[in-house]
Amino acid sequence: MDYNICMSDRKKYDKKYYALHKERLKEKAYEWKKKNPEKVKAIKRKYVKNHPEQVKKWQQNYLNSEYGRNASLKRQRNYDNRKRQELINKLGSKCIKCGFDDWRALQIDHINGGGTQDNKTMRNFSPLQRHKEVMENIGTKYQLLCANCNWIKRYEQREVRLRKALEINQFV
């Protein structure tokens, strides 16, 4: 009984001590980790081995957090959609042939064809560089078409490869 009272007093003392010397204790722990990387790795490995459920839970929480992989993909997708929306607005927000205006089916088309060749030369461009390229050449090199009008144009101007043209003719 005496022992429990001493332990509870010790815990109270430790909490107060940590609160008063928090920065110094953190600094000492950081220095120890820096000097003993192998011991730190061993401790981490042992923890992961002994607590697999907890580790899996932490991993799932991280992936779904604002810093995790899923969040990063979501941020990138949002950024790409904003840039695409900016281009669509700059190009008039509707198909120049039929007037269709749902942004999900609008495509940026090369006016004089040559999109395949253009994609080969811009393959190593970042999405931002491609965006700048299109913004600089709006009206001279690029136009906005809906998916249907774009495919009709490609077929009429023979921009479709022979195999694809044959496949299309089967359905006509």
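Residues numbered from 1 in each chain as written. Predicted model: local features only at pLDDT ≥ 70, side-chain atom pairs only at ≥ 80, totals over all residues. Heavy atoms only, no water.

Q: Which residues make up unusual backbone geometry, and what values go with them?
A: For Ser93, which is not glycine, the phi torsion reads 65° and is therefore positive. Along the chain, the position of Ser93 falls in the loop between helix H5 (69-90) and strand S1 (106-110). (Helix = DSSP H or I, 4+ residues; strand = E, 2+ residues; numbered from the N terminus.)

Q: Would you mind going over the side chain of Gln143 in detail, with residue names and values included?
A: Mapped onto the elements of the fold, Gln143 is located in strand S2 (residues 142-146). Separated by 2.8 Å, the side chains of Gln143 and Asp109 make a polar contact. Excluding residues within four positions of it along the chain, Gln143 makes contact with Leu91, Ile96, Gln107, Ile108, Asp109, Ile111 and Lys153. (Polar contact = N/O pair within 3.5 Å; in protein donor to acceptor, adjacent residues only side chain to side chain. Contact = heavy atoms within 4.5 Å.)

Q: Tell me what's going on with the packing of helix H3 (residues 37-50) against helix H4 (residues 52-63), and back it up with residues and numbers.
A: In contact at an axis separation of 5 Å, H3 and H4 are set at 100° when each is read in the N-to-C sense. Taken together, H3 and H4 sit at an angle that is classed as roughly perpendicular. For the pair formed by H3 and H4, the contact residues are Tyr47, Val48, Lys49 and Asn50 on the first element and Pro52, Gln54, Val55 and Trp58 on the second. Of the residues that constitute the contact of H3 with H4, the class distribution is five nonpolar, two polar and one charged. (Axes fitted to C-alpha atoms, helices over the stretch in contact; angles between N-to-C directions. Parallel < 35°, antiparallel > 145°, perpendicular 65-115°, else oblique. Nonpolar A, V, L, I, M, F, W, Y, C, P; charged D, E, K, R; others polar.)

Q: I'd like a description of the packing of helix H2 (residues 22-35) against H3, backed by residues and values.
A: Following both chains from N to C, one finds H2 and H3 inclined at 95°, their axes separated by 5 Å at the closest point. What the angle tells us is that H2 and H3 run roughly perpendicular. Of H3, the residues touching H2 (which contributes Trp32, Lys33, Lys34 and Lys35) are Pro37, Lys39, Val40 and Ile43. Of the residues assigned to the contact of H2 with H3, the class counts are four nonpolar, no polar and four charged.

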